[in-house]
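A structural walkthrough
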Amino acid sequence: MNENLKQNDLFNASHMVILICYTIFSTILIGESLLLGWERWAVVLIIVGVVTGWIVHIRQNLSESTRLWVYSMMMMATFFFYGMHRTSTFDLCAVMGSVIMIYTMTGVEALVWVCQITYYFTFAYDIVGMILAGEPFDSLVITRSMLHVALITMVGWVARVIIDRWRMVLNKVGNESDVLKAQIQRLNDFLANISHEIRTPINVISGLIGICIKNEQDDEMRADLESIGEAGQRVGNLIGDILDYSEIDMDKLVVNEENYMLSSLLNDIVMEIAPHRAENIELVIDVDPAIPSVMKTDVVKLKKIIHHLIDNSMKYTPEGGIYVHLTSEEREYGINLCVEVTDTGIGMVASEVDNVFEGFYQADSGRSRYASGLGLGLSIVSGFIRSLNGFLTLESKPGEGTCVRVSLPQKVVDEQRCMSLRNADELSLGAYLHFEKYSDPNVRVFYNAMVRDLVIGLGARMQRADNLEGFKRIAKITHFSHVFVGKEEYEEDPDFMEELAKETLVAVIADYSFEPRKDTNVRIMRKPFYCFPVISFLNTKLGDLEDEGGRLYARGVRALVVDDEPMNHMVAREIFTEYGMVVDKAMSGMEALSYMENNDPDIIFMDHMMPGMDGVETMKRIRAKLGKERKDIPIVALTANATSTAREMFMREGFDGFIAKPIELVELEHVLKKVLPKSMLSVEKPETLQVERKAAKAGKPEKAVETAEAEKETETAADPLVQALEALGVDVDAGLRYCQNDRGFYEELILQYAGDAAEKRANAEKYLQEHNLKQYEVLIHSVKSSSKMIGAMTLSEHARLLEKAAEEGDEAAVRNGHNEAMSEFEALSVTILRQLGAEAPAPSAGPASSGDVMEFGANDGVMEFGPAQETEASGDGIMEFVPAEEQTDPVGDGIMEFEPEEVLS
């Protein structure tokens, strides 16, 4: 049968039509048989045939063609039973003519022939019966018989002609459709290829523009360069949209699931969108704290879905606000992540809503004057949502705005809430937020909903005032731990706010254009005002970083760092020596046990994932040894496994504290205060100690250090090392941030990175040749983490994909991406060594063996490089919950309080 016919809707409908006609014909025949006293046994067979036909149709065990022939044979048998009775002889023509026309729908000429033959046989049977019965056979009977046979012959011929013409049309349409599909495929391939070709020079231009911006001293020229850079970024984003749309249109989307943290995802989205948000548009992000902290999906697609929805709302919202609300619904497979994006924009009419998900669609000029881009955003969103088995709804009214709701299934990795407070019962929150300053009532609703949901969800207590006098009144009688103030509210009486900030943590919520005083005591929380920065602020205490005008130090405290990754030792040494500690290292659990035989450190920082003996087992063996000697040394888990369940597990196993990588100073100081005796800690002026530490580390007198600092300040912006690294796509600023903005430490870190590169590449080749994907996964994980540590994000991402392929056992994917990643690794390491004037070491025959434990003092500068092993990404910590509260304004004075069992006023 012609494939075009099989795919035709009329052919597919013919099965049901024939079965229904067969049922109706059989029902009429059964009634006629009973009325005329025909054979009763045939009635039973007819009923069995009808029931059998419907069973075959419902179960669909047989192919479409086979089912069609089954229905036809049963209908022809029923037709013969009807025609074998003399009263039906001259009715057969009308019945069979109708049947033949119905069978034209099938497009099968053979079935038309079957109908004709069945008619000829049945009619001949009747004529022979008439002759044998001696019935009159006059000229009328002869002419009628000839006419009926001719009619059926003609009807059959017409039916076959219709089928032939129909087949020709379908073949022509099919050929044209194939040509059109081929053209679309070529167009999509062209778009993909040209997008790739354009993206390469655009990336180079963007990188060079970034270098020029850093080197340019003229403000006007810098502004022009920044405009060029922004234009290049827009072009890059448009190219990315074209590639995404091409994949969707060609049905080539691949879902790559991975674990992700909602906090990290939203932070990335906010960082990308915030610079493009107009200050007259309020972006409010409301996240339910009950959403699980770690989930699993295709995080790249999820990020693009949320990003496109917010970006689309920003395009079509000339003023007012955008409300992003994230919640979750429990399901047997995990949760449905529900994302709702509501704006106060210009809205859409019904016809625009119907077309908005079509590719390259943009509405009329009345809307397009607000919009830029290719009109692919919602098409990409719709395609990604389908690939993730989710669904989307859209509601919009002209002049009122648009609301898009998305629901996406997610697997739950960590059921702990995505945010909570460390010590909610110790918090006393105040807020001076006058939302009536926003002219759009929807924006006021957005902000009220976000504050209410956050405070109630976290179980905190807040008093909020909407006028300055009311806020001053409650500030006099209440000792707040944290206060939130709007920019305009701060500017009403900045002296009062600065004075309050001396004894209370005060956060001013402001746009990027706001510049605080140089001597300000308040902290600036840049818009958009959303939950995760708020949580970070609430989990900070006034004395975490400063105490009595100084900073926390642990002078002379002997710390043992147990970690199998040399770069992690470098980072730990740099940070811990900032606090005056003496740092020793061990490259494995066995080395740590050996070290403990002859040494008694004051504190031990223990990595978790290490080859051989992991951190938990090492900790338990050290505990057993210390128990026999009646000693107690605090052991702190120092690991990137920072999910809330991991924190609980470490504490349950017997660790005294937990610090996530990368090390946050606030968390480190919190743990030091908790586990070390007060006699080992001191608060000193940071300026003096900083100079002393740098002088000690460099082996120079204090004056020499001051001279070096002065020289550093007068260096020109042109930096060959930075330019060389940025030309290779390295985000030097990110690497410096990881190194606490210590340039010397950063150079030391990248030198270590480059020194290990040759050996890591050799081992990677060795493991790949041996088909040892497990060891390859461990090694490439190390490349991923260390590359991210120095700011080589592109190489880190390539290594991540290789790690994922190795984890899944996909050796073909590993081999496809291995050479490119290793070439990038080699180019980067060679550049680093050349810029720093070092020589690349020859790779050893196998993994390096670790040596003796080395001590890092404050001024020895000695370190030992061990094997590159697995390290992990960072994560957020665990926090605790307290009962939820509600918001009221019982007095009506503009002061809102969150109390149990009350309703928001």
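If you're wondering where the values come from, they're calculated on a predicted model, not measured in any experiment. Counting restarts for each chain, with residues numbered from 1 along the sequence as it is written. Only residues with pLDDT of at least 70 are given local features in this predicted model, and only at 80 or more are side-chain atom pairs given and counted; all residues enter the totals for whole chains, interfaces and linings. Neither water nor hydrogens contribute to the side-chain values; these are computed over all heavy atoms in the structure.

On a plain count of helices and strands, the chain comes out with 31 helices and 22 strands. The buried share of the chain, taken over its 905 residues, is 48%. Partitioning the intrachain contacts of the chain with sequence separation of at least 6 by distance along the chain shows that 72% fall at a separation of at least 24. When the accessible surface of the chain is split by element, carbon and sulfur atoms take 54% of a total near 43,100 Å². Strands here are runs of E lasting at least two residues and helices are runs of H or I lasting at least four, both read from the DSSP assignment and numbered beginning at the N terminus. Burial classes follow relative accessibility: with a 1.4 Å probe on protein chains only, a residue under 20% of its type's maximum area counts as buried, one over 50% as exposed, and anything between as partly exposed. Residue contacts are counted whenever heavy atoms from the two residues lie within 4.5 Å of one another. Under the convention used here, a 1.4 Å probe and the Shrake-Rupley method define accessible areas, while residue burial counts only the protein chains that appear.

Attention now goes to the packing of aromatic side chains. Here the distance between the centres and the angle between the planes together describe a pair of aromatic rings. Working definition: a ring pair exists when centres of Phe, Tyr or Trp rings (six-membered ring for Trp) sit within 6.5 Å. Plane angles under 30 degrees give stacked, over 60 give edge-to-face, the rest tilted. What the rule picks out here adds up to 21 aromatic pairs. Look at F25 and Y82: their rings are 6.0 Å apart centre to centre, the planes differ by 75 degrees, and that puts the pair in the edge-to-face class. With F25 in helix α2 (residues 9–36) and Y82 in helix α4 (residues 64–83), the pair connects residues that are 57 residues apart, well separated along the chain. As far as burial versus exposure is concerned, F25 and Y82 are alike and both buried. Where Y490 meets F514, the ring centres are 6.0 Å apart and the plane angle is 85 degrees; that geometry is what we call edge-to-face. With Y490 in helix α16 (residues 487–492) and F514 in the loop between β11 (505–510) and β12 (523–526), this pair connects stretches of sequence that are 24 residues apart. With a relative accessible area of 8%, F514 lands in the buried category. Here a set of aromatic residues connected by ring pairs shows up, and it is made of F90, Y119, Y120 and F123. For R144, the ring lying beneath its charged end belongs to F90, and the centroid distance is 4.0 Å. Geometrically, a lysine NZ or arginine CZ counts as sitting over a ring once it is within 6 Å of the ring centre and also within 35 degrees of the ring normal. Of note, R160 hangs over the ring of W113, and the distance from its end group to the ring centre comes to 3.9 Å.

A few words now on unusual backbone geometry. The linkage connecting K527 with the following residue, P528, adopts the cis geometry, with an omega of 5 degrees. Structurally, P528 can be placed in the loop between β12 and α18 (531–538). Of note, Q60 is a non-glycine position whose phi angle comes to about 55 degrees, a positive value. Turning to its location among the elements, Q60 is positioned in the loop between α3 (40–59) and α4.

Core analysis: the largest hydrophobic core is formed by 79 residues, its most contacted members being L262, V287, M419, F484 and F529. Only buried residues count toward a nonpolar core. Its members are Ala, Val, Leu, Ile, Met, Phe, Trp, Tyr and Cys residues joined through side-chain atoms within 4.5 Å. Membership of the second largest hydrophobic core comes to 64 residues, among which are V571, V675, V730 and A799.

Once that is clear, we can look at helix α21 (residues 615–628). Compared with an ideal rise of 1.5 Å per residue, which puts 14 residues at 20 Å, α21 spans 20 Å between its outermost C-alpha atoms and is within 8% of the ideal. Taken residue by residue, α21 has G615, V616, T618, M619, I622, K625 and L626 as its buried positions. Pairing of N or O atoms within 3.5 Å defines a polar contact, subject to two protein rules: one partner must be a possible hydrogen donor and the other a possible acceptor, and residues neighboring in sequence count only if both atoms are side-chain atoms. N-capping of α21 is provided by D614, with a side-chain oxygen placed 3.3 Å from the backbone N of V616. Within two residues after α21, R630 carries a phi angle of roughly 55 degrees, on the positive side. Expected helix span is taken as 1.5 Å per residue step, with the number of steps being one fewer than the number of residues.

As a further point, take empty space enclosed by the protein. A cavity here means a set of points on a 1 Å grid, drawn over the protein atoms and nothing else, where a 1.4 Å probe fits but cannot get out; a pocket is an open set with protein on both sides within 12 Å along at least five of seven lines, and a residue lines either one if it has an atom within 4 Å of a point. Grid points are joined across faces, edges and corners, and a volume is the space filled by probe spheres set on the points. Taken as a whole, this structure holds five cavities of 30 Å³ or more when the rule is applied. Empty space within the largest cavity amounts to approximately 120 Å³. Taken together, 15 residues make up the lining of the largest cavity; nearest its centre are N312, S313, D343, T402 and V404. Every element with two or more residues in the lining of the largest cavity is listed here: α10 (299–315), β5 (334–343) and β7 (401–417). For the lining of the largest cavity, the leading source of residues is α10, giving three residues.

Moving on, we come to the pairing of strand β6 (residues 391–397). Here a strand pair is declared whenever DSSP counts at least two bridges between the two strands. Two strands pair when backbone bridges link them, and β6 and β7 are joined in this way by seven bridges, in the antiparallel orientation. Directly across from L394, in β7, lies its bridge partner V404. Between β6 and β7, which follow one another and run antiparallel, lie three residues, and G399 among them has a positive phi close to 80 degrees.

Here the focus is helix α28 (residues 743–769). In a regular helix each residue adds 1.5 Å, so 27 residues correspond to 39 Å; α28 covers 39 Å between its end C-alpha atoms and thus fits that length. In the structure, α28 departs most strongly from a straight axis at A757, where the bend amounts to approximately 35 degrees. Bend at a given residue is defined as the angle between two axes, one fitted to the seven residues that end at that position and one fitted to the seven that begin there.

This part covers the packing of helix α20 (residues 589–598) against α21. Axis definition: a line fitted to C-alpha atoms, over the contacting stretch in the case of helices. Angles run 0 to 180 degrees between N-to-C directions. Contact pair α20 / α21: the axes reach a minimum separation of 10 Å and the direction vectors enclose 15 degrees. Relative to α21, the element α20 is oriented roughly parallel. As for the relative orientation of α20 and α21, their crossing is right-handed in sense. Contacts from G589, M590, A592, L593, M596 and E597 of α20 reach α21 at T618, R621, I622, K625 and L626. For this classification, the nonpolar set comprises Ala, Val, Leu, Ile, Met, Phe, Trp, Tyr, Cys and Pro, the charged set comprises Asp, Glu, Lys and Arg, and every other residue, Gly included, is treated as polar. Grouping the amino acids of the contact of α20 with α21 by side-chain chemistry returns six nonpolar, two polar and three charged. In what follows, roughly perpendicular refers to angles from 65 to 115 degrees, roughly parallel to angles under 35, roughly antiparallel to angles over 145, and oblique to any angle outside these ranges. In this scheme the crossing of two helices becomes right-handed for a clockwise turn of the near helix relative to the far one and left-handed for an anticlockwise turn of less than a right angle.

Let us look at the environment of T577. Mapped onto the elements of the fold, T577 is located in helix α19 (residues 566–578). Looking at T577, its side chain comes within polar contact range of the main-chain oxygen of R573, at 2.6 Å.

The subject of this paragraph is the packing of α19 against helix α29 (residues 773–790). Two measures define how a pair of helices packs: the angle their axes make with one another and the distance between the axes. In contact at an axis separation of 10 Å, α19 and α29 are set at 35 degrees when each is read in the N-to-C sense. For the pair α19 and α29, contact is made by M567, N568 and V571 and by S786, M789 and I790, respectively. When the residues that make up the contact of α19 with α29 are grouped by side-chain class, the tally is four nonpolar, two polar and no charged.

In this section: the pattern of salt bridges. Definition used for salt bridges: Asp or Glu carboxyl oxygen within 4 Å of a side-chain nitrogen of Lys or Arg. Following the criterion strictly, the structure yields 34 salt bridges and no others. Its salt-bridge partner being E395, residue R405 comes within 3.4 Å of it at the nearest N-O pair. Here R405, found in strand β7, pairs with E395, found in strand β6; they are 10 residues apart in sequence, far enough to count as distant. Taking relative accessible area as the criterion, R405 reaches 31% and is therefore assigned partly exposed. E395 sits in the partly exposed class, given a relative accessible area of 49%.

Let us look at the side chain of K301. Tracing the sequence through the fold places K301 in helix α10. In this structure, K301 is in contact with L253, V254, V255, F384, S387 and L388, ignoring residues within four places of it in sequence.

Here the focus is the environment of T87. When you line up the elements, T87 lands in the loop between α4 and α5 (92–103). Here T87 falls in the exposed class, since its relative accessible area comes to 57%. T87 sits 39 residues away from D126 along the chain, and the two C-alpha atoms are 9.7 Å apart.

Turning our eyes to something else, we now look at the side chain of Q410. If you trace the backbone, Q410 turns up in strand β7. Within polar-contact distance, the side chain of Q410 engages the side chain of Y260 at 2.5 Å. Setting aside anything within four residues of it in sequence, one finds Q410 in contact with Y260, M295, K296, T297, L302, Y333, G334, I335 and L337.

In this structure, M295 sits in strand β3 (residues 292–297). Since its relative accessible area comes to 0%, M295 is described here as buried. Sequence separation between M295 and Y260 is 35 residues, and the spatial gap between their C-alpha atoms is 5.6 Å. Look past the residues within four positions of M295 in its chain and what remains in contact with it is E258, N259, Y260, L262, I335, Q410, K411 and V413.

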